[in-house]
Amino acid sequence: MKILIDADACPVKELIISCAKKHGLEVVMVCDVAHMLFYNEDFITTVTVDQGFDSADLAIANRTQAGDICITQDYGLASLLLAKNATVLHHNGFFYTQENIDRMLFERHLSREMRRQKKSRGGHVRKRTKEDDEKFLHALERAIERGKQN
């Protein structure tokens, strides 16, 4: 079991690293050339890909195996990873599952249509809180424990 991170816009990279270190897990961070990352830890591998459409997603999907834990906010990538029997987690601390992924993909489609038609959904993206980080960390710990049991 390893942890793969869609690292371009992931706000919880440091939490993942500390948790992985505690559990002795390998971490693979995938980002594009606009977000290059450097870590000087033996258990962390950084993979830098071209800035092309879905380059990071394809690199993650190609490196993921059944039983891995993947962190992404991309619903399309999450769907691919679920098909590979990976545990997929959003940085807000919820799990993608076969039961919720179709709804999420449909909502993404509706949002794109609204943007295309220039209709505003309104709303404000709130700042990340300590509680958000705690929720994510709790979910990651659960994912690791489940993975160790399998």
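Structure: see above.
Note that this is a predicted model, so its numbers are computed, not measured.

J.: Let's hear about the nonpolar core: which residues, and what values?
T.: Residues Ile3, Ile5, Ile16, Val27, Ile71 and Leu140 are the most contacted members of the largest nonpolar core, which totals 25 residues. Secondary structure elements with two or more residues in this core: strand 1 (2–6), helix 1 (13–23), strand 2 (26–32), strand 4 (69–71) and helix 5 (130–149). In terms of residue count, helix 5 provides more of this core than any other element does, 5 residues in total. Sequence-distant contacts of Ile71, that is, excluding residues within four places in its chain, are made with Ile3, Leu4, Ile5, Asp6, Cys10, Ile16, Leu89, His91, Phe136 and Leu140. Judged by nonpolar contacts, the second largest core, of 19 residues, contains Val30, Cys70, Leu77 and Ile101.

J.: Tell me about the packing of helix 1 against helix 5, and name the residues and values.
T.: Packing of helix 1 against helix 5 leaves a shortest axis separation of 11 Å and a crossing angle of 30 degrees. Crossing angle aside, the handedness with which helix 1 passes helix 5 is right-handed. Contact residues: Leu15, Ile16, Cys19, Lys22 and His23 in helix 1; Asp133, Phe136, Leu137, Leu140, Glu141, Ile144, Glu145 and Lys148 in helix 5. Among the residues making up the contact of helix 1 with helix 5, the classes are represented as 7 nonpolar, 1 polar and 5 charged.

J.: Before we move on, can you summarise the sheet that holds strand 3 (residues 44–49) with the specific residues and values?
T.: Sheet architecture is open: 6 strands sit in the order 3-2-1-4-5-6, paired in mixed fashion. Either end of the sheet is taken by a strand with one partner, and the two such strands are strand 3 and strand 6 (95–96). Pairing analysis gives 3 bridges linking strand 4 to strand 5 (residues 87–89), with the strands arranged parallel. Residue pairing across strands places Cys70 opposite Val88, the latter belonging to strand 5. In the packing of helix 2 (residues 55–63) onto the sheet, the strands contacted are strand 1, strand 2 and strand 3, and the crossing angle to strand 1 comes to about 170 degrees.

J.: Explain the packing of aromatic side chains to me, and be specific about the residues and the numbers.
T.: Aromatic ring pairs are described here by two measures, namely the spacing of the ring centres and the angle between the planes. Counted by the stated rule, this structure contains 2 aromatic pairs. Measuring from ring centre to ring centre gives 5.9 Å for Tyr75 and Tyr96, while their planes differ by 70 degrees; the resulting arrangement is edge-to-face. Of the two residues, Tyr75 sits in helix 3 (residues 75–83) while Tyr96 sits in strand 6, which places them 21 residues apart along the sequence. Under the relative-accessibility criterion, Tyr75 is labelled partly exposed at 22%. Three or more aromatic residues joined by ring pairs make a cluster, and in this case those are Tyr75, Phe94 and Tyr96.

J.: Please provide a residue-by-residue account of the pattern of salt bridges, values included.
T.: According to the stated counting rule, one finds 4 salt bridges in the structure shown. The salt bridge partner of Glu41 is Lys21, with a shortest N-O separation of 4.0 Å. Residue Glu41 is located in the loop between strand 2 and strand 3, and its partner Lys21 is located in helix 1; the two are separated by 20 residues in the primary sequence. Take Glu41: its relative accessible area is 32%, and that puts it in the partly exposed class. Classification of Lys21 by relative accessible area gives exposed; the value is 53%.

J.: I'd like a description of unusual backbone geometry, backed by residues and values.
T.: Although it is not a glycine, Asn85 adopts a positive phi angle of roughly 65 degrees. Within the secondary structure layout, Asn85 lies in the loop between helix 3 and strand 5.

Parameters at a glance
- Residues numbered from 1 in each chain as written.
- Predicted model: local features only at pLDDT ≥ 70, side-chain atom pairs only at ≥ 80, totals over all residues.
- Heavy atoms only, no water.
- Core = buried A, V, L, I, M, F, W, Y, C linked by side-chain atoms within 4.5 Å.
- Buried < 20%, exposed > 50% of the residue type's maximum accessible area, 1.4 Å probe, protein only.
- Helix = DSSP H or I, 4+ residues; strand = E, 2+ residues; numbered from the N terminus.
- Contact = heavy atoms within 4.5 Å.
- Axes fitted to C-alpha atoms, helices over the stretch in contact; angles between N-to-C directions.
- Left-handed = near helix turned anticlockwise from the far one by under 90°.
- Nonpolar A, V, L, I, M, F, W, Y, C, P; charged D, E, K, R; others polar.
- Pairing = 2+ DSSP bridges.
- Phe/Tyr/Trp six-rings, centres within 6.5 Å; stacked < 30°, edge-to-face > 60°.
- Salt bridge = Lys/Arg side-chain N within 4 Å of Asp/Glu carboxyl O.

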